[in-house]
Amino acid sequence: MSRISAQNLPANAALPAYDRAAKRIGIVHFGLGAFTRAHQAWYTDRAMEAFGGDWLIAGISLRSPTVGEQLNPQDGLYTLAEKSGEGTKLRVVGSVAEVIVAPENLARIKALLCAPTTHIVTFTVTEKGYCRRADGGLDLALAAQGFYPLLADAFAARKAAGIGGLTLLSCDNLADNGHQLKRLMGEYLAAHHPDLVDWVGAHCTFPCSMVDRIVPATTDADRAEVEGLLGLRDEGVVMTEPFSQWVIEDNFAGPRPAWDAVGAQIVGDVAPYETAKLRMLNGAHSALAYCGLVGGYTYVHQAVGDPALRAMALRLMREEAAPTIPAPEGMDLAAYADALIERFDNPALNHRLIQIAMDGSQKIPQRWLATLAAHQAQGRSCPAILSAIAAWIKHLRGQNGPVDDPRATELSVAAQNAEPVSGLFGPNGLIESDWVPNSAEVALIMEGLAR
Ligand code: CS2
């Protein structure tokens, strides 16, 4: 079976209706995984199709050659399959021009980051890709292996050549993602390139954004299914749900694609959207992941189909998370919770709980702990989140197999204690946050652990 490429595009999938060969790269993206291909690259593809512009994307992989091996032989083309109970809708996405693996191709990366036609750098490097220490500061040793030195080099070259600055747009599930990136980049520059701090402050921006689309990791079965539909082999297939949302702070250093004309919201303040999404969607997701795995389920739709887990997820969203969120204008948080449950129910996605369970130490603070802290201040407790914490501790104890987390070893040791809560949370805990569990909360977690 031949590989999908610019020469043999299939007739049965929607194709990008623009001349890719005539377009230039305008965006450099760090971490071109499945999520970006279902989200930012798809928005950019439709924006170029409807409104033009030179916004092809060059993806940078900091370590793994896999995505490059999948996409480069296909001219960067790949199929996006939207799946629901009603069937599968295909679109061939044309916005990715090339994928570059960092260590071997530093010159190419530098040329792209320094090109006057590159205006935006986007990031989906996951929570751990920002190289934060437990206290939130930049881990300089880790940062040396990440995107920071590449950007610092680019800033130096742009400054020297008198080229404009860049918009640095974080698309990861971190609270205040743009502000965090700005602060961390600032810490890196202060340590290694203090001469660039003022230039970056004057020429670059770091908008916050809220990104939302459920994108399970692609499996061999997914690739085989799309091969049957296309009559071509596509190694870069991405599966996703019909829903998508992108809210971006209106804070660009230069031009941008017409993302707002194809569904993105460009707003003054992203925080209310981001808080609602992190505490409700992602909060419920992580709770379903740990409680669902402990309950013997594999996929999100199975876990949320269990009446007790469904009630737990609804309680977490409606009664625990929602009251702590200043609702975005015009948004009804109760209706949002119902819509999220419906998305979790999607029977066609096969979204693995173990995928969500990964990197809990990086996710839990913004998903659960901020909610717990807000309620504690009012003298209320959060039984759904506390039961999810008990399930996370069981996960750390190895109940669901090996733990995939950058801090797995120390977390697993702390979780083995007869009273594991104080080793994980609070003043002597491994996870820094404003939430210090009180005795009633510890008791509820211990009850959950005994169940
Ligand atoms: C999930 C997210 O894997 C996870 O941790 O909670 O990737 C989630 O699917 C997305 O944020 C949805 O937008």
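Since the model is a prediction, treat every value here as computed from it, not as a measurement.

Viewed as axis vectors pointing N to C, helix H10 (residues 271-294) and helix H16 (residues 383-396) meet at an angle of 60°, and their least axial separation amounts to 8 Å. One element, H10, and the other, H16, form an angle in the oblique class. Crossing hand, H10 versus H16: left-handed. Side by side, H10 and H16 meet where Ala-287, Tyr-290, Cys-291, Leu-293 and Val-294 of the first sit next to Ser-387, Ala-388, Ala-391, Trp-392, Lys-394 and His-395 of the second. Taken together, the residues of the contact of H10 with H16 sort by class into eight nonpolar, two polar and one charged.

On to the UniProt feature "domain: Mannitol dehydrogenase C-terminal" (unreviewed entry) in the chain, then. When the UniProt feature table is mapped to this numbering, "domain: Mannitol dehydrogenase C-terminal" (unreviewed entry) covers residues 269-415. Between the first and last C-alpha atoms of residues 269-415 the distance is 38 Å; the span itself is 70% helix and 0% strand.

This part is about the nonpolar core. Counting 71 residues, the largest nonpolar core has Phe-30, Phe-147, Tyr-148, Leu-151, Phe-155, Leu-168 and Trp-259 as its most contacted members. Examining the composition of this core, we find that six residues originate from one element, helix H6 (residues 148-161), more than from any other. The next biggest cluster of nonpolar side chains, apart from the first, holds 63 residues, and it includes Ala-284, Ala-384, Ala-390 and Ile-431.

Moving on, we get to the sheet that holds strand S5 (residues 96-101). Taken in spatial order, the five strands line up as S5-S2-S1-S6-S7 in an open sheet, and their pairing is parallel. In this open sheet, the two strands that pair with only one neighbour each are S5 and strand S7 (167-170). Sheet twist, expressed as the mean angle between neighbouring strand axes with direction ignored, is 20°. Bridge analysis of strand S1 (residues 25-30) against strand S6 (residues 120-123) gives four bridges, and the strand direction is parallel. What sits directly across from His-29, in S6, is Thr-122. Contacts between helix H2 (residues 40-51) and the sheet are confined to S1, strand S2 (56-61) and S5, with S2 contributing the most and set at about 160° to the helix.

Quick look at the packing of aromatic side chains now. Taken as a whole and judged by the stated rule, the model has 14 aromatic pairs. For the ring pair Phe-252 and Trp-259, a centre distance of 6.3 Å and an interplane angle of 50° mean the geometry is tilted. The exposure classification of Phe-252 matches that of Trp-259, with both residues buried. Here the aromatic rings of Trp-392 and Phe-425 are separated by 6.1 Å at their centres, their planes lie at 50°, and the arrangement is tilted. One end of the pair, Trp-392, is in helix H16; the other, Phe-425, is in the loop between helix H18 (421-424) and helix H19 (439-450), and 33 residues separate them in sequence. Each of the two residues, Trp-392 as well as Phe-425, counts as buried. One aromatic cluster is present, formed by Phe-30, Phe-123, Tyr-130, Phe-147, Tyr-148 and Tyr-188 through successive ring pairs. Over the aromatic face of Tyr-78 sits the side chain of Arg-37, whose NZ or CZ is 5.9 Å from the ring centroid. The ring of Trp-42 carries Arg-213 above its face, with NZ or CZ at 4.2 Å from the centroid.

What counts, and where the lines are drawn
- Residues numbered from 1 in each chain as written.
- Predicted model: local features only at pLDDT ≥ 70, side-chain atom pairs only at ≥ 80, totals over all residues.
- Heavy atoms only, no water.
- Axes fitted to C-alpha atoms, helices over the stretch in contact; angles between N-to-C directions.
- Helix = DSSP H or I, 4+ residues; strand = E, 2+ residues; numbered from the N terminus.
- Parallel < 35°, antiparallel > 145°, perpendicular 65-115°, else oblique.
- Left-handed = near helix turned anticlockwise from the far one by under 90°.
- Contact = heavy atoms within 4.5 Å.
- Nonpolar A, V, L, I, M, F, W, Y, C, P; charged D, E, K, R; others polar.
- UniProt positions renumbered as here; feature names shortened; annotations may be inferred.
- Core = buried A, V, L, I, M, F, W, Y, C linked by side-chain atoms within 4.5 Å.
- Buried < 20%, exposed > 50% of the residue type's maximum accessible area, 1.4 Å probe, protein only.
- Pairing = 2+ DSSP bridges.
- Phe/Tyr/Trp six-rings, centres within 6.5 Å; stacked < 30°, edge-to-face > 60°.
- Lys NZ or Arg CZ within 6 Å of the ring centre and 35° of its normal.

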